[in-house]
Amino acid sequence: RTWRGELIHITSSGVVVRLLDNGIQGFVDTRHRGEKFSFDAVYMRLSSPQRTFQLEQQVEVKVAAIDMKKHTISFQFAAGANETANSVEQAAAPL
């Protein structure tokens, strides 16, 4: 199942996605991607030559894993669904 989410926080290492249906949050780690991202703290933007992420941008994700010990959830962006929304892959953040 895929879930629609919104980017609510952006850092130099990735983005936090909050699911619109239930408010669950996960961190999308862009450091493990094949592309180089630049962080713009003024405009709260994370960009590569291929894609840009900004606050309030909507994306679709799938749950990849849940770590009960760390209380984190990992997301994976839905294949193809986010190409027009400039997406990344892999996520994990505290619940």
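In this text, all values refer to a predicted model and were calculated from it rather than measured experimentally.

### Regarding the sheet that holds strand 6 (residues 52-54)
No. 1: If you walk across this open sheet you meet the three strands as 4-5-6, and the pairing is antiparallel. Both edges of this open sheet fall to strand 4 (38-40) and strand 6, since each of them pairs with a single strand only. Between one strand axis and the next, the sheet turns through 15 degrees on average, direction left out of account.
No. 2: Bridge analysis of strand 4 against strand 5 (residues 45-47) gives three bridges, and the strand direction is antiparallel. Note on strand 5: the bridge partner recorded for phenylalanine 39 is leucine 46.

### Remarks on the nonpolar core
No. 1: One finds Val15, Val17 and Val61 to be the most contacted residues of the largest nonpolar core, which totals 15 residues.
No. 2: Of all the secondary structure elements, the ones that give two or more residues to this core are strand 1 (3-11), strand 2 (14-19), strand 7 (58-67) and strand 8 (72-77).
No. 3: Setting aside anything within four residues of it in sequence, one finds valine 61 in contact with Arg1, Thr2, Trp3, Leu19, Phe75, Gln76, Phe77 and Ala78.

### A closer look at the confidence of the model for the protein chain
No. 1: Confidence in the prediction of the protein chain, expressed as mean pLDDT, is 81, and 81% of residues score 70 or more.
No. 2: The spread of mean pLDDT over the elements of the protein chain runs between strand 9 (residues 93-94), the lowest at 49, and strand 4, the highest at 95.

Conventions and cut-offs
- Residues numbered from 1 in each chain as written.
- Predicted model: local features only at pLDDT ≥ 70, side-chain atom pairs only at ≥ 80, totals over all residues.
- Heavy atoms only, no water.
- Pairing = 2+ DSSP bridges.
- Helix = DSSP H or I, 4+ residues; strand = E, 2+ residues; numbered from the N terminus.
- Axes fitted to C-alpha atoms, helices over the stretch in contact; angles between N-to-C directions.
- Core = buried A, V, L, I, M, F, W, Y, C linked by side-chain atoms within 4.5 Å.
- Buried < 20%, exposed > 50% of the residue type's maximum accessible area, 1.4 Å probe, protein only.
- Contact = heavy atoms within 4.5 Å.
- pLDDT = per-residue confidence, 0-100.

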